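Chain and residue survey
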Amino acid sequence: QVQLVESGGGLVQAGDSLRLSCAPSGRTFSSVATGWFRQAPGKDREFLAAINSLGTSTNYADAVKGRFTISRDYAKNTVYLQMNSLKPEDTAVYYCAGHPLYSAITTMGATFGSWGQGTQVTVSS
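Just so you know, these numbers come straight off a predicted model, no measurement behind them. (Residues numbered from 1 in each chain as written. Predicted model: local features only at pLDDT ≥ 70, side-chain atom pairs only at ≥ 80, totals over all residues. Heavy atoms only, no water.)

Section: the pairing of strand E5 (residues 46-51)
Among the six residues in E5, five count as buried, and that is most of the element. Examined bridge by bridge, strand E4 (residues 33-39) and E5 share five bridges and lie antiparallel to one another. For glycine 35, the partnering residue across the bridge sits in E5 and is alanine 50. Count of turn residues in the E4/E5 antiparallel hairpin: six residues, of which glycine 42 carries a positive phi of about 75°. Pairing of E5 with strand E6 (residues 58-60) involves three bridges; the strand directions are antiparallel. Along E6, the bridge assignment pairs alanine 50 with asparagine 59. Counted along the chain from E5 to the antiparallel partner E6, the turn is six residues long, and its residue glycine 55 has a positive phi close to 75°. (Buried < 20%, exposed > 50% of the residue type's maximum accessible area, 1.4 Å probe, protein only. Helix = DSSP H or I, 4+ residues; strand = E, 2+ residues; numbered from the N terminus. Pairing = 2+ DSSP bridges.)

Structure (structure tokens):
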């Protein structure tokens, strides 16, 4: 429903941190459940983290538990993905997407067709 734009990626060294931002563009924003995903070259799009519309519930993929944190700032209409202890295997294009059903975010990556351009995260050794 709302066009979302990702930003904050870059080139960092292993062990560094990045904070990605997901913000609406061009339309009025109403809070919905939001997820972060990534896709590395030659691999399927991977679910990373989800947060419900109120920010009271979160869910993480095993690969990023303990390192990544999803949060939202209502004043800025922005959802964030704080990424700590980055590893070379985290290198990918990162995407965000909204969904009216929080429970559906973990599996929407395979079928959702309105992805933006994402933001590139590259982690060097």
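Having put the structure on the table, let's press on.
Overview of the sheet that holds E4
Across a sheet, strands are paired by hydrogen bonds formed along the backbone, either parallel or antiparallel in direction. Reading across the sheet, the six strands line up as E2-E10-E9-E4-E5-E6 and stay open at both edges, with mixed pairing between neighbours. Both outer strands of the open sheet, strand E2 (10-13) and E6, are each paired with one neighbouring strand and no more. Across this sheet, the average inter-strand angle for adjacent strands is 25°, counted without regard to direction. (Axes fitted to C-alpha atoms, helices over the stretch in contact; angles between N-to-C directions.)

Let's talk about the state of the cysteines
Evaluated as defined, the whole model comprises one disulfide. Through a disulfide, cysteine 22 is tied to cysteine 96; the S-S separation comes to 2.1 Å. Torsion about the S-S bond of the cysteine 22 and cysteine 96 cystine: about 80°, corresponding to right-handed handedness. With a gap of 74 residues between them, cysteine 22 in strand E3 (residues 18-24) and cysteine 96 in strand E9 (residues 92-99) connect regions that are remote in the sequence. In terms of burial, cysteine 22 and cysteine 96 fall into one category: buried. (Disulfide = S-S within 2.5 Å.)

Considerations on the sheet that holds E3
Strand order in this open sheet of four strands is E1-E3-E8-E7, and the pairing throughout is antiparallel. Each edge of the open sheet carries a strand with a single partner, namely strand E1 (4-7) and strand E7 (68-73). Neighbour to neighbour, the strand axes of the sheet diverge by 20° on average, direction disregarded. Summarising the sheet, E1 and E3 pair through four bridges and their orientation is antiparallel. Bridge pairing in E3 links glutamate 6 to cysteine 22.

Some details on the packing of aromatic side chains
Inspection of the entire model under this criterion finds four aromatic pairs. Where phenylalanine 37 meets tryptophan 115, the ring centres are 5.0 Å apart and the plane angle is 70°; that geometry is what we call edge-to-face. Taken as a pair, phenylalanine 37 in strand E4 and tryptophan 115 in the loop between E9 and strand E10 (119-124) lie far apart in primary sequence, 78 residues in all. Classification of phenylalanine 37 by relative accessible area gives buried; the value is 0%. Overall, the relative accessible area of 17% leaves tryptophan 115 in the buried class. With 5.0 Å between their ring centres and 85° between their planes, phenylalanine 112 and tryptophan 115 make a pair best called edge-to-face. By way of ring pairs, the aromatic residues Phe37, Phe47, Tyr95, Phe112 and Trp115 are connected into one cluster. Over the ring of tyrosine 80 we find arginine 19, and its NZ or CZ is 4.2 Å from the ring centre. (Phe/Tyr/Trp six-rings, centres within 6.5 Å; stacked < 30°, edge-to-face > 60°. Lys NZ or Arg CZ within 6 Å of the ring centre and 35° of its normal.)

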